[in-house]
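# Residue-level structural notes
So you can see what is in the structure, the chains are spelled out below.
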Amino acid sequence: MSRAIATALDEVAAALGEGFRGVAERDYPVATSTTYRLGGRAALYVEPGGPDDVARLGRALREAGIDSATTPILPLGRGSNLVVSDHGLPGVVIRMGAAASWIEPAGRALLDEGAAPGAAAEEWVRAGAATSLPQLANWSARRGLTGLEWAVAIPGSVGGAVRMNAGAYGSEMSDVLISASVFDLCSLELEDKDRTALELRYRTSILTERHLVVAATFGLGPGDRRAIRAQMNSHRRHRADTQPGGANNAGSVFKNPPGDSAGRLVESSGLKGRRVGGVRVSDLHANFFVAEPGAHAQDVYDLVHMVRAVVYERTGIDLEPEIRFVGRFSEAAE
Ligand SMILES: Cc1cc2nc3c(=O)[nH]c(=O)nc-3n(C[C@H](O)[C@H](O)[C@H](O)COP(=O)(O)OP(=O)(O)OC[C@H]3O[C@@H](n4cnc5c(N)ncnc54)[C@H](O)[C@@H]3O)c2cc1C
């Protein structure tokens, strides 16, 4: 990290001191905030304590001359889709923490415009960016609201799920998202972006490192509580039977190519159980790479590249990573 950036980060930390209700910490072990639990330290970690803190942070970054073009900035949720470099991140990690974990009803919209009062309506639900998906799915189920059953066992946050357009079992965020409140760390504007403006596609959106999701609104349908519960239990059972659980991995490593499954391609290429250093392809599901004690973030990177190359060689299909690598990694030797 250059001396100029280090000084600028000191300025940000100092500017946040007074009146800031959240957490601002230099040299933070960011691995502890990810499911892989790998990687080095972040030069500056900030957890806003509320909406005012988000704006204050934006101003502090601008005054110190920090933006995503000059300094790595990472909005962080539950770290369940990330691998942070062993060298850490010479920039700012912004994590939406406990203050952004909340759920509230946000009104109703008639499903059929012009329908008589009392006709079926969509319930709108608003949640802070740090709210976990299982929490949101369970909250909705308790109220007999359908639409988020698929999210019950995804260990991510609302913010990360919007950015990634998370999904499972044929459903995804874009099916239920009405809008997201996004703070732009460059323009310092807070904007409500509707679903269309977010350009949600398969595990991607228009959002970049400069965009911090602070809350999102979902439209959920009226449903039968027991049917919703049954569906959620079935998803949980399916995951317990077919996936290695939430610890020491970041879910699906590769996106599924059109009409096929990445796990099937990895398995049929004979790579189940293949290992690099302390990370191996799960025996339970070949699209999950599991870290063992002593593993390095670089091992994940190398295994991803090795598996990608072998699958390409054997099937002609170039798998695209779904997990995100943050910071500096070394290219594997040819
Ligand atoms: C066991 C397991 C199972 C999984 N199953 C699924 C699945 O079925 N379907 C699926 O889609 N995913 C799955 N995942 C991956 C992951 O849980 C999702 O992608 C989730 O939406 C990521 O949320 P997060 O809060 O952990 O995001 P992070 O991993 O923290 O971040 C992911 C991306 O979102 C950005 N981001 C995070 N928070 C914000 C914010 N507030 N504002 C702006 N950007 C933000 C980050 O910068 C990063 O680019 C699984 C992961 C695990 C470990």
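Since the structure is predicted, the reported quantities are computational estimates derived from the model, not experimental observations. (Residues numbered from 1 in each chain as written. Predicted model: local features only at pLDDT ≥ 70, side-chain atom pairs only at ≥ 80, totals over all residues. Heavy atoms only, no water.)

### Here's the deal with the pattern of salt bridges
Tallied over the full model, the rule gives 15 salt bridges. Between E123 and R108 there is a salt bridge, with its nearest N and O atoms 3.0 Å apart. Of this pair, E123 sits in strand β7 (residues 121–128) while R108 sits in strand β6 (residues 103–110); the two residues are 15 residues apart in sequence, bridging distant segments of the chain. Linked through salt bridges whose partners overlap, the residues forming this network are R275, R280, D283 and E292. (Salt bridge = Lys/Arg side-chain N within 4 Å of Asp/Glu carboxyl O. Helix = DSSP H or I, 4+ residues; strand = E, 2+ residues; numbered from the N terminus.)

### Let's talk about the domain arrangement of the protein
A common measure of how large an interface is: the accessible area buried when the components associate. When the domains of the protein are assigned, the result is domain 1 (3–99), domain 2 (101–240) and domain 3 (247–326). Computed from C-alpha coordinates alone, the two centres of domain 2 and domain 3 are separated by 28 Å. Each partner contributes to the interface: domain 2 provides four residues, whereas domain 3 provides four residues. Here domain 2 and domain 3 share an interface that buries about 530 Å² over both sides, 42% of which is from carbon and sulfur atoms. It is M164, Y202 and R203 in domain 2 that bury the most area against domain 3; as a group they hold 75% of the surface buried on that side. Counting across the domain 2 and domain 3 interface gives one salt bridge. Across the pair R203 and E322 runs a salt bridge whose closest N-O atoms are separated by 3.6 Å. Here domain 2 and domain 3 share two residue pairs in polar contact (both at pLDDT 80 or more) between them. (Domains from an automatic or database assignment. Contact = heavy atoms within 4.5 Å. Buried area = accessible area lost by both parts, 1.4 Å probe. Polar contact = N/O pair within 3.5 Å; in protein donor to acceptor, adjacent residues only side chain to side chain.)

### Let's talk about unusual backbone geometry
Keep in mind that most residues, glycine aside, have a negative phi and that most peptide bonds are trans. A positive phi angle, near 65°, is found at L188, a position not held by glycine. On the secondary structure map, L188 appears in the loop between β11 (177–184) and β12 (190–194). For R203, which is not a glycine, the phi torsion comes out positive at approximately 55°. With respect to the element layout, R203 can be found in the loop between β12 and β13 (211–222). A relative accessible area of 12% means that R203 is categorised as buried. (Buried < 20%, exposed > 50% of the residue type's maximum accessible area, 1.4 Å probe, protein only.)

### Some details on the nonpolar core
Counting residues in each nonpolar core, the largest one holds 58 residues, and the members touching the most others are V12, V162 and F218. Ranked by residues supplied to this core, first place goes to β13 with six residues. Looking at this core, you find at least three residues from each of domain 1 (3–99) and domain 2 (101–240). Discounting chain neighbours no more than four positions away, the residues touching V162 are M173, L177, A180, L198, L200, S205, L207, V213 and A216. Counting 27 residues, the second largest nonpolar core, distinct from the first, contains L265, L271, V307 and V310. (Core = buried A, V, L, I, M, F, W, Y, C linked by side-chain atoms within 4.5 Å.)

### Looking at the sheet that holds strand β2 (residues 41–47)
Sheet architecture is open: four strands sit in the order β1-β2-β5-β3, paired in mixed fashion. Both outer strands of the open sheet, β1 (23–29) and β3 (73–76), are each paired with one neighbouring strand and no more. For this sheet the average axis-to-axis angle between neighbouring strands, irrespective of direction, equals 25°. In this structure, β1 lies alongside β2, joined through six bridges in antiparallel fashion. Counted as the bridge partner of V23 is E47 from β2. With respect to the sheet, helix α1 (residues 3–17) is in contact with β1, β2 and β5 (89–95), its orientation differing from that of β2 by roughly 25°. (Pairing = 2+ DSSP bridges. Axes fitted to C-alpha atoms, helices over the stretch in contact; angles between N-to-C directions.)

### Looking at the packing of α1 against helix α2 (residues 51–63)
Relative to each other, α1 and α2 sit at 145°, their axes nearing to 9 Å. Crossing handedness for the pair α1 and α2: right-handed. Only R56, L57, A60, L61 and E63 of α2 make contact with α1, whose side of the interface consists of E11, V12, A15 and L16. (Left-handed = near helix turned anticlockwise from the far one by under 90°.)

### Some thoughts on the site of the ligand
Taken together, 34 residues lie near the ligand, and P75, S80, S157, G167 and R239 sit nearest. Residue N81 places a main-chain N or O atom 2.8 Å away from an oxygen atom belonging to the ligand. With respect to the ligand, the side chain of R163 contributes an N or O atom lying 3.4 Å from an oxygen atom. In isolation the ligand has 970 Å² of accessible area, and contact with the protein removes 97% of it. Per element, the largest residue contribution to the shell around the ligand is five residues, and it comes from helix α4 (residues 158–164). Class assignment of the residues belonging to the shell around the ligand gives a composition of 15 nonpolar, 14 polar and five charged. (Near = heavy atom within 4 Å. Areas by Shrake-Rupley, 256 points an atom, 1.4 Å probe, with all protein chains shown as cover. Nonpolar A, V, L, I, M, F, W, Y, C, P; charged D, E, K, R; others polar.)

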